[in-house]
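Okay, here's what each chain looks like letter by letter:
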Amino acid sequence: MATTQATARRLPDRDQPRIPPRRTGSGAVRRRETAAGYIFLTPWLIGFAAITAVPMLYSLYLSFTNWDLISNAGQYVGFRNYVRMFTIDPTFWHSVRVTVTYAVVATPLKLALALGVALLLVRARRGASTARALFYLPSLLGSSVALALVWQSLFSRSGVVNEFLDWFGIHGKAWVNDPSYVLWTVVLLGAWQFGAPMVIFIAGLKQIPAELYEAASVDGAGAWRKFVSITLPGLSPVIFFNLVLETIHSFQIFTSAYIIGGGQGGPVDATLVYTLNLYLQGFGQSHIGYASALAWVFLFVIGALTVLIFSTGRFWVHYGDGSDR
Amino acid sequence: MATLTHGRPRPTTGPVRRHNRTATVLRATLIVVLLAIVLYPLLWLAASALKPDTEVASNLSLVPHNPTLHNFVAGWTGMKTVSFGRFFLNSAVIALGVVIANCASCLVTAYAFARLRFPLRGLWFAAMIGTLLLPSHVLIVPQFVLFKFLGWIDTPLPLIVPKLLATDAFFVFLMVQFIRGIPREMDEAANVDGCSPFGIFRHVIVPLARPALVTTAIFSFIWTWNDFFSQLIYLNSPDHYTVPIGLRLFINAEGLSSLGPMFAMSLLSLGPVFLFFIAFQRLLVEGINTTGIKG
């Protein structure tokens, strides 16, 4: 598979299918190909219409109603859901705050760990691929309910973390029961899964030409100087790629917050992330009109965020082929 | 082996080399310490599953003093009406269904996008890419209403049938990229031999796309096995629970007697994914390199 750089450097939506024009083609051949194309595309077209497009429009409609899932009734209420969200409902702003706090801390922390360990491993000689695989393991397992349950135990009052802190005479708190700390345990669970971006960083580091480092050494550059002037710019497309994916990823956090927060975003709503609020509104209280409005705001924010990251990318992402797209 | 590709030129003089060796030892030590920290929660889980009630709660140790399998028995049969085996069966059925559905539907779709020319292809491709970054939470409410209308709630159908319709855009994209890498001359040769687009798909694309199918199968399985959000929404009677939904019953487990079984079942729940990791380690790690797949 040689798609590494193609995907790492260019994000998918810039990638249009390119098929070289065929030399000739009689009308009949072309018609046959059109027919075949649509036959092969049929499952996707049905899925796109029935599972994605129509539900999206329906959800837009629902967001202007006060539809209730249980009574299966409701009526058009105009923008009332959106007004309530932004001006009346304190839970909405609270969940936004929790989610942003999570994303703003967990994403850079995870990427910093990933880059740091990648820098360590890329120079390692023996056992590097084993170490790489083992660091990657939490990325496969960490999003499961099982690990969230483990985390809850590790950080409980009589948990292992506190026992460890006791060795140093530090008296730990009941981290997962304390509203001011519980979110940080969720952050740590997210950051623990740094293996996936790390593997991508390692691949990126190997692409940086060795001559650049040699030339810099000849010019008397120190390790830090080389890191700042060669490694970071050379790695910027990969950093960009990881940043986009991880940011979007962290805004969608659900499982760990649900489990560690005891299913209700507790204690005192400290883990009530956006998706959890949406879930509780829609499926806990069956206010699917309001939940649909929440979903559309969420979609809008994620979209805006992606656009924002892409637009800043221009200033700090350097592509090796000299085209600073 | 992943070794120096951009290291400094190897020094040959004495003091510099000694400095370098110290750095190497330091680096190796740091890697080992970090690995120990990162792997500790997993090892601790494994140990705790084997510890008797009295040892579990706050025990840093990775070695159970009196190892016992009691927790596995208690966890497996702990629910009133249904055993954990049922949850495993349900999870396996759903995961295998998704694997088959994704492999078939995404390959068919990808072939159309990558190889066939037809009107509006660009538009449909853009639409497919557009769904790539669409958070599943956005569609969950209207989809729930749809599946409720169809009477599919509390069955595995809402979790499997959409995959038959190539709704996992990520895998479609992955396969489009892969098929583009297959030389077009193969198609043309088959065409000369009288193959229709269907024949080309059958005789050229399907056999050659096997690596992409394997990647799709593995990640479909792992993601479905770990999935919590959609299973939480669609499955609501214990008979239909999957492993993550079954495990959820342990949250807020305070009593020592339920911690042990909780760890035992948690450990078992990681089993299939862990086995995949052991069996396909290289492919998984390389896979995220080539595709940017997240774990």
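Residues numbered from 1 in each chain as written. Chains lettered and ligands numbered in written order. Predicted model: local features only at pLDDT ≥ 70, side-chain atom pairs only at ≥ 80, totals over all residues.

1. Focus: the overall build of chain B
Then, in step 1: A tally of helices and strands in chain B yields 14 helices and zero strands.
Then, in step 2: Listing each helix as α and each strand as β along chain B from the N terminus yields α-α-α-α-α-α-α-α-α-α-α-α-α-α.
Then, in step 3: Taken across its 295 residues, chain B has 43% of its residues classed as buried.
Then, in step 4: Look at the contacts in chain B between residues 6 or more apart in sequence, and 73% of them connect residues 24 or more apart. (Helix = DSSP H or I, 4+ residues; strand = E, 2+ residues; numbered from the N terminus. Buried ≥ 20, exposed ≤ 12 C-beta atoms within 10 Å, placed from the backbone. Contact = placed C-beta atoms within 7 Å.)

2. As for the overall build of chain A
Then, in step 1: From N to C terminus, chain A includes 14 helices and zero strands.
Then, in step 2: Listed by position from the N terminus, the elements making up chain A come as α-α-α-α-α-α-α-α-α-α-α-α-α-α.
Then, in step 3: Each principal axis of the C-alpha distribution contributes one length, and for chain A these read about 85 × 75 × 35 Å.
Then, in step 4: Expressed as a percentage of its 325 residues, the buried residues of chain A come to 42%.
Then, in step 5: Long-range pairs, those at least 24 residues apart, make up 71% of the contacts in chain A between residues at least 6 apart in sequence.

3. Some words on the environment of L159 of chain B
Then, in step 1: Residue placement: L159 of chain B occurs in helix α7 (residues 157-164).
Then, in step 2: If sequence neighbours within four positions are ignored, L159 of chain B has contacts with I94, S230, Q231 and Y234 of chain B.

4. Describing the domain arrangement of chain B
Then, in step 1: Examined at the domain level, chain B breaks down into domain 1 (16-68) and domain 2 (76-291).
Then, in step 2: For domain 1 of chain B and domain 2 of chain B, the distance between their C-alpha centres works out to 33 Å. (Domains from an automatic or database assignment.)

5. Some points on the packing of helix α8 (residues 169-180) of chain B against helix α11 (residues 210-226) of chain B
Residues and elements named next belong to chain B.
Then, in step 1: It is at 10 Å that the axes of α8 and α11 come closest, and there the two elements cross at 165°. Looking at the two axes, α8 sits roughly antiparallel to α11. The interaxial crossing formed by α8 with α11 has right-handed handedness. Contact with α8, carried on its side by F171, L174, M175 and F178, involves A212, T215 and T216 of α11 and no other residues of that element.
Then, in step 2: Considered class by class, the residues forming the contact of α8 with α11 number five nonpolar, two polar and no charged. (Axes fitted to C-alpha atoms, helices over the stretch in contact; angles between N-to-C directions. Parallel < 35°, antiparallel > 145°, perpendicular 65-115°, else oblique. Left-handed = near helix turned anticlockwise from the far one by under 90°. Nonpolar A, V, L, I, M, F, W, Y, C, P; charged D, E, K, R; others polar.)

6. A few points about helix α6 (residues 145-154) of chain A
Then, in step 1: Counting buried residues along α6 of chain A, 10 of its 10 residues qualify, which places the element largely inside the surrounding structure.
Then, in step 2: Those residues of α6 of chain A lying buried are V145, A146, L147, A148, L149, V150, W151, Q152, S153 and L154 of chain A.

7. Quick word on the interface of chain B and chain A
Then, in step 1: Counting residues at the interface gives 92 residues for chain B and 97 residues for chain A.
Then, in step 2: At 13 residues, the largest contribution of residues to the side of chain B that touches chain A is made by helix α14 (residues 256-291) of chain B.
Then, in step 3: Class assignment for the residues of the side of chain B that touches chain A results in 62 nonpolar, 24 polar and six charged.

8. Some details on helix α11 (residues 223-251) of chain A
Side chains that are three or four residues apart share a direction in an α-helix, a result of its 3.6 residues per turn.
Then, in step 1: Look at α11 of chain A: only 35 Å from first C-alpha to last across 29 residues, short of the 42 Å you get at 1.5 Å a residue.
Then, in step 2: Of all the bends in α11 of chain A, the greatest reaches close to 55° and is centred on S236 of chain A; the proline P237 of chain A follows between one and four positions later. (Expected span 1.5 Å × (residues − 1). Bend = angle between axes of the 7 residues up to and from the residue.)

9. Details of the domain arrangement of chain A
It is common to give the size of an interface as the accessible area lost on bringing the parts into contact.
Then, in step 1: Here chain A is described as being made up of domain 1 (27-62) and domain 2 (88-316).
Then, in step 2: Once you take the C-alpha centre of each, domain 1 of chain A and domain 2 of chain A turn out to be 36 Å apart.

10. Thoughts on the confidence of the model for chain B
In regions of low pLDDT, the predicted coordinates are not meant to be interpreted in detail.
All names here are of chain B.
Then, in step 1: Looking at chain B, pLDDT values average 86 and 87% of them are 70 or higher.
Then, in step 2: Within the model, the stretch residues 1-14 combines pLDDT values under 50 with 21 contacts to residues more than four positions away or in other chains.
Then, in step 3: Prediction confidence for the complex, expressed as pTM and ipTM, is 0.87 and 0.87 respectively. (pLDDT = per-residue confidence, 0-100.)

11. What to know about unusual backbone geometry
Then, in step 1: Unusually for a residue other than glycine, D269 of chain A sits at a positive phi of about 65°.
Then, in step 2: Structurally, D269 of chain A can be placed in the loop between α12 (255-260) and α13 (274-284).
Then, in step 3: At A166 of chain B, a position not held by glycine, the phi torsion is positive, near 55°.
Then, in step 4: Relative to the helices and strands, A166 of chain B resides in the loop between α7 and α8.

12. Concerning the nonpolar core
Then, in step 1: Core analysis: the largest hydrophobic core is formed by 162 residues, its most contacted members being A118, M198 and F201 of chain A together with A110, Y111, V172 and M175 of chain B.
Then, in step 2: Looking at this core element by element, the count peaks at 16 residues for helix α4 (residues 84-115) of chain B.
Then, in step 3: Not counting the four nearest positions on each side in its chain, V172 of chain B is found in contact with C106, T109, A110, M128 and A166 of chain B. (Core = buried A, V, L, I, M, F, W, Y, C linked by C-beta atoms within 7 Å.)

13. Side note on the confidence of the model for chain A
Residue and element names in this part refer to chain A.
Then, in step 1: Looking at chain A, the pLDDT average stands at 87 and 90% of residues meet or exceed 70.
Then, in step 2: Highest mean pLDDT in chain A belongs to helix α8 (residues 182-192) (95); lowest belongs to helix α1 (residues 4-9) (40).
Then, in step 3: Segment residues 1-15 is flagged for pLDDT under 50; beyond a separation of four residues in sequence, or across chains, it makes 27 contacts in the model.

14. Things to note about the packing of helix α14 (residues 288-316) of chain A against helix α6 (residues 136-149) of chain B
Then, in step 1: The N-to-C vectors of α14 of chain A and α6 of chain B enclose an angle of 155°; their axes lie 8 Å apart at closest approach. Compared by their axis directions, α14 of chain A and α6 of chain B come out roughly antiparallel. Where α14 of chain A crosses over α6 of chain B, the two elements pack in a sense that is left-handed. Between α14 of chain A, through I288, A291, S292, A295, F298 and L299 of chain A, and α6 of chain B, the contact on the second element is made entirely by H137, V138 and V141 of chain B.
Then, in step 2: Along the lines of polarity and charge, the residues of the contact of α14 of chain A with α6 of chain B split into seven nonpolar, two polar and no charged.

15. Focus: the environment of A114 of chain A
Residues and elements named next belong to chain A.
Then, in step 1: Locating A114 in the fold gives a position in helix α4 (residues 90-123).
Then, in step 2: Owing to 26 C-beta atoms within 10 Å, A114 belongs among the buried residues under this scheme.
Then, in step 3: Taking C-alpha positions, A114 is 10.0 Å from Y136, a pair spaced 22 residues apart along the chain.
Then, in step 4: Residues contacting A114, with those up to four places away along its chain left out, are F194, P197, M198 and F201.

16. Some thoughts on the environment of N102 of chain B
Residues and elements named next belong to chain B.
Then, in step 1: Mapping N102 onto the fold places it in helix α4.
Then, in step 2: For the pair N102 and K163, spaced 61 residues apart in the sequence, the C-alpha separation amounts to 5.5 Å.
Then, in step 3: Setting aside residues no more than four positions away along its own chain, N102 makes contact with K163, D168, F171, T216 and S220.

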